[in-house]
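# Results of the structural survey
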Amino acid sequence: MSGTSAALQPPADAVRPVRHPDAPAPGEPLGAHYGQCFGCGGEQPHGLHLEARAGEGVSITAEFTVQPAHQGAPGLAHGGVLATALDETLGSLNWLLRTIAVTGRLETDFVRPVPVGTVLHLQAEVTAVAGRKIYCTATGRLDGPGGPVAVRADALFIEVKVDHFVDHGRPEEIRAAMEDPDQVRRARAFEVNP
């Protein structure tokens with residue numbers, strides 16, 4: 001990505017990311033981390049309903065279809081929606097590390113317009129880890145995984161404890177997520193965003 005700020009450059013002592021041994025296998029769908037999530041949740045009528053799959057190493061692929069509710073200019077995806085799609089995709093990488101992390105910084109380049117009805121093909125990977133800092137990058141392409149780049153982003157995620165969400169979230173939603181009998185969904189509920 002061009003023009004990435006110094007805050008998104010891994011320090012000299014950063015290490016290569018290591019996929020957790022219990023991470024989903026390449027090709028396995030990751031599913032929604034929380035039903036009410038605007039990015040991936042199925043309970044959001046106007047959400048992105050982004051679908052992500054584990055990739056090789058510490059990478060994922062994802063797709064979402066731009067709906068009329070996602071437009072900014074007539075017939076085109078809103079830039080904030082595209083940034084959300086990148087953020088959601090990047091945040092899902094943390095499931096491959098099996099860590100809870102929140103977005104610390106997200107820098108986005110908008111390269112081409114994305115028309116309503118388009119399936120945006122996203123790819124993301126963790127590039128480095130330094131202590132609690134997780135550095136990653138993503139691209140969104142038109143017309144298939146090898147199509148022209150429409151959007152791209154670099155991000156810094158910060159590892160946190162579940163207490164971060166307990167202390168700052170609405171108690172009724174935190175309680176519902178913690179009481180979910182599906183251990184995978186419960187573990188993933190506290191996955192992305194501050």
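Higher on the page you've got the structure.
Along the backbone of the chain there are 5 helices and 6 strands. Going from N to C terminus, the chain has its helices and strands arranged as β-β-α-α-β-β-β-β-α-α-α. Per-residue burial over the chain gives 44% buried out of 194 residues. Put simply, 67% of the contacts in the chain that link residues at least 6 apart link residues at least 24 apart. Accessible area of the chain: about 9700 Å², with a carbon and sulfur share of 53%.

Applying the stated rule across the entire model yields 0 aromatic pairs. Over the aromatic face of Trp 95 sits the side chain of Arg 98, whose NZ or CZ is 4.3 Å from the ring centroid.

This paragraph deals with the side chain of Thr 103. Residue placement: Thr 103 occurs in strand S3 (residues 101-110). Polar side-chain contacts of Thr 103 include one of 2.7 Å to the side chain of Asp 87.

So, about the sheet that holds strand S6 (residues 149-159). Strand order in the open sheet made by the 6 strands is S1-S2-S4-S5-S6-S3, with antiparallel pairing throughout. Across the chains shown, the open sheet's two edge strands, defined by having one partner strand only, are strand S1 (51-54) and S3. With direction set aside, neighbouring strand axes in the sheet form an average angle of 20°. Contacting strand S2 (59-65), S3, strand S4 (119-130), strand S5 (133-141) and S6, helix H1 (residues 79-92) runs over the sheet at an angle of about 50° to S6.

Okay, unusual backbone geometry next. Unlike most non-glycine residues, His 49 shows phi in positive territory, near 55°. Assignment of secondary structure puts His 49 in the segment before S1. Overall, His 49 belongs to the partly exposed group, its relative accessible area being 33%. Phi at Arg 98 takes a positive value of approximately 60°, unusual for a residue other than glycine. Tracing the backbone shows Arg 98 in the loop between helix H2 (94-97) and S3. The partly exposed category is assigned to Arg 98, whose relative accessible area is 36%.

Parameters and conventions
Along each chain, residue indices are assigned from 1 in the same order as the chain's sequence is written. For a predicted model such as this one, the threshold for reporting local features is a pLDDT of at least 70, and the threshold for listing and counting side-chain atom pairs is 80 or more; totals across whole chains, interfaces and linings nevertheless cover every residue. For the side-chain quantities, the full set of heavy atoms in the structure was used; hydrogens and water were omitted. Strands here are runs of E lasting at least two residues and helices are runs of H or I lasting at least four, both read from the DSSP assignment and numbered beginning at the N terminus. Note on classification: 1.4 Å probe, protein chains only; a residue is buried when its accessible area is under 20% of the maximum for its type, exposed when over 50%, partly exposed between these limits. Contacts were defined at the residue level, with two residues in contact if any of their heavy atoms lie within 4.5 Å. Exposure was quantified through the Shrake-Rupley algorithm and a 1.4 Å probe, taking into account, for residues, occlusion by the shown protein chains and nothing else. Pairing of aromatic side chains requires ring centres within 6.5 Å, counting the rings of Phe and Tyr and the six-membered ring of Trp. Pairs whose planes differ by under 30 degrees are stacked, by over 60 edge-to-face, and all others tilted. Criterion for a charge above a ring: Arg CZ or Lys NZ at most 6 Å from the ring centre, at most 35 degrees from the ring normal. Counted as a polar contact is a pair of N or O atoms within 3.5 Å, where, for protein atoms, one must be capable of donating a hydrogen and the other of accepting one, and residues adjacent in sequence contribute only when both atoms are in side chains. Whether two strands pair comes down to DSSP finding at least two bridges between them. Each axis is a line fitted through C-alpha atoms, and for a helix only the stretch in contact is used; angles between axes span 0 to 180 degrees, taken between their N-to-C directions.

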